[in-house]
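# Descriptive structure summary
Single-letter residue listing:
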Amino acid sequence: MLASDGDRERAVDILKEAYTQGRLRPEEYDERVGRAYQARTYDDLDRITADIPHPAAPPYPLPPPAPAPVFVPEVRRTNTAATASLVCGVLAAFTLGATAIPAVICGHVAKTQIRRTGESGDGQATAGLILGYACLAVITAFIALVVAFIATAPGP
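Figured I'd write up the structure that's included with this text. (Residues numbered from 1 in each chain as written. Predicted model: local features only at pLDDT ≥ 70, side-chain atom pairs only at ≥ 80, totals over all residues. Heavy atoms only, no water.)

### Overview of the packing of helix 4 (residues 80-92) against helix 6 (residues 122-152)
- At a closest axis distance of 7 Å, the pairing of helix 4 and helix 6 adopts a crossing angle of 30 degrees. The pairing of helix 4 with helix 6 is recorded here as roughly parallel in orientation. Judged by the sense of rotation from one axis to the other, the crossing of helix 4 with helix 6 is left-handed. Together, Ala82, Thr83, Ser85, Leu86, Gly89, Val90 and Ala92 of helix 4 and Gln124, Ala125, Ala127, Gly128, Leu129, Leu131, Gly132 and Cys135 of helix 6 make up the contact between the two elements.
- Along the lines of polarity and charge, the residues of the contact of helix 4 with helix 6 split into nine nonpolar, six polar and no charged. (Axes fitted to C-alpha atoms, helices over the stretch in contact; angles between N-to-C directions. Helix = DSSP H or I, 4+ residues; strand = E, 2+ residues; numbered from the N terminus. Parallel < 35°, antiparallel > 145°, perpendicular 65-115°, else oblique. Left-handed = near helix turned anticlockwise from the far one by under 90°. Contact = heavy atoms within 4.5 Å. Nonpolar A, V, L, I, M, F, W, Y, C, P; charged D, E, K, R; others polar.)

### A closer look at helix 1 (residues 5-20)
- Between the first and last C-alpha of helix 1 there are 22 Å, a value that for 16 residues agrees with the 22 Å anticipated at 1.5 Å per step.
- Taken together, the buried positions of helix 1 are occupied by Asp7, Arg8, Ala11, Val12, Ile14, Leu15 and Ala18. Seen along its axis, helix 1 keeps its buried residues to an arc of 155 degrees; they face one direction. Helix 1 presents Asp5 and Thr20 as exposed residues on the side facing more than 90 degrees away from its buried surface.
- Check the buried side of helix 1 and you find it contacts helix 2 (26-38) and helix 3 (42-49).
- Downstream of helix 1 by one or two residues, glycine 22 has phi in the positive range, about 85 degrees. (Expected span 1.5 Å × (residues − 1). Buried < 20%, exposed > 50% of the residue type's maximum accessible area, 1.4 Å probe, protein only. Arc of directions from axis to C-beta.)

### Side note on the pattern of salt bridges
- In total, this model carries 10 salt bridges according to the counting rule given.
- The shortest N-O distance in the salt bridge between arginine 8 and aspartate 5 comes to 3.1 Å. One end of the pair, arginine 8, and the other, aspartate 5, are both in helix 1, three residues apart, so they sit about a helical turn from each other.
- Since its relative accessible area comes to 56%, aspartate 5 is described here as exposed.
- Put simply, glutamate 28 and arginine 32 hold a salt bridge, and the shortest N to O gap is 3.0 Å. In this pair, glutamate 28 and arginine 32 both sit in helix 2, four residues apart, roughly one turn of the helix.
- Accessibility expressed as a relative area gives 22% for glutamate 28, which makes it partly exposed.
- What makes arginine 32 buried here is its relative accessible area of 8%.
- Counted as one network, the salt bridges with shared partners bring together Glu28, Arg32 and Asp51. (Salt bridge = Lys/Arg side-chain N within 4 Å of Asp/Glu carboxyl O.)

### A few points about the packing of aromatic side chains
- Applying the stated criterion across every chain yields a total of one aromatic pair.
- Arranged with centres 4.7 Å apart and planes meeting at 25 degrees, the rings of tyrosine 19 and tyrosine 29 form a pair that is stacked. Separated by 10 residues along the polypeptide, tyrosine 19 in helix 1 and tyrosine 29 in helix 2 bring together distant segments of the chain.
- Judged by its relative accessible area of 35%, tyrosine 19 falls in the partly exposed class. (Phe/Tyr/Trp six-rings, centres within 6.5 Å; stacked < 30°, edge-to-face > 60°.)

### Side note on a nonpolar patch on the surface
- A cluster of nonpolar side chains, contributed by Phe142, Ile143, Val146, Val147, Phe149 and Ile150, occupies part of the molecular surface with about 640 Å² of accessible area.
- Within the secondary structure layout, phenylalanine 142 lies in helix 6.
- Accessibility expressed as a relative area gives 55% for phenylalanine 142, which makes it exposed. (Patch = residues over 30% accessible without salt bridge, like charges linked within 9 Å, V, L, I, M, F, W, Y side chains within 5 Å. Areas by Shrake-Rupley, 256 points an atom, 1.4 Å probe, with all protein chains shown as cover.)

This is the structure in structure tokens:
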């Protein structure tokens, strides 16, 4: 491959370093610098600097290393029905069960949508379902106790 002016300058820099370190005599330095400026190929430059210790890099540029891959985390959208299920499930205790059924409905809708679209929010939907069903179980147990108490109460 043909050497560029920059390649020749890098070879001369190696020769200058060798001269300042006392590895080359002045006449040898002058002769090699002249040959470096007349060199046409990388091979010519390598022969001029072959007996001089220099960094592992050749006097000509190497291609730049490939850039490191950048990890970009995938940001998935949270399913809105899952969020609604969780909110309704939490509010069910404060609304005396009025939002328990919407929590269960939104939870099942969210689970279906999440399986189909791959959105995030599965944990929210599950929590909303658990809270909604738990509140419905407490309400059902309370109604059963009231009915049992009324049925066993002595008549007037």
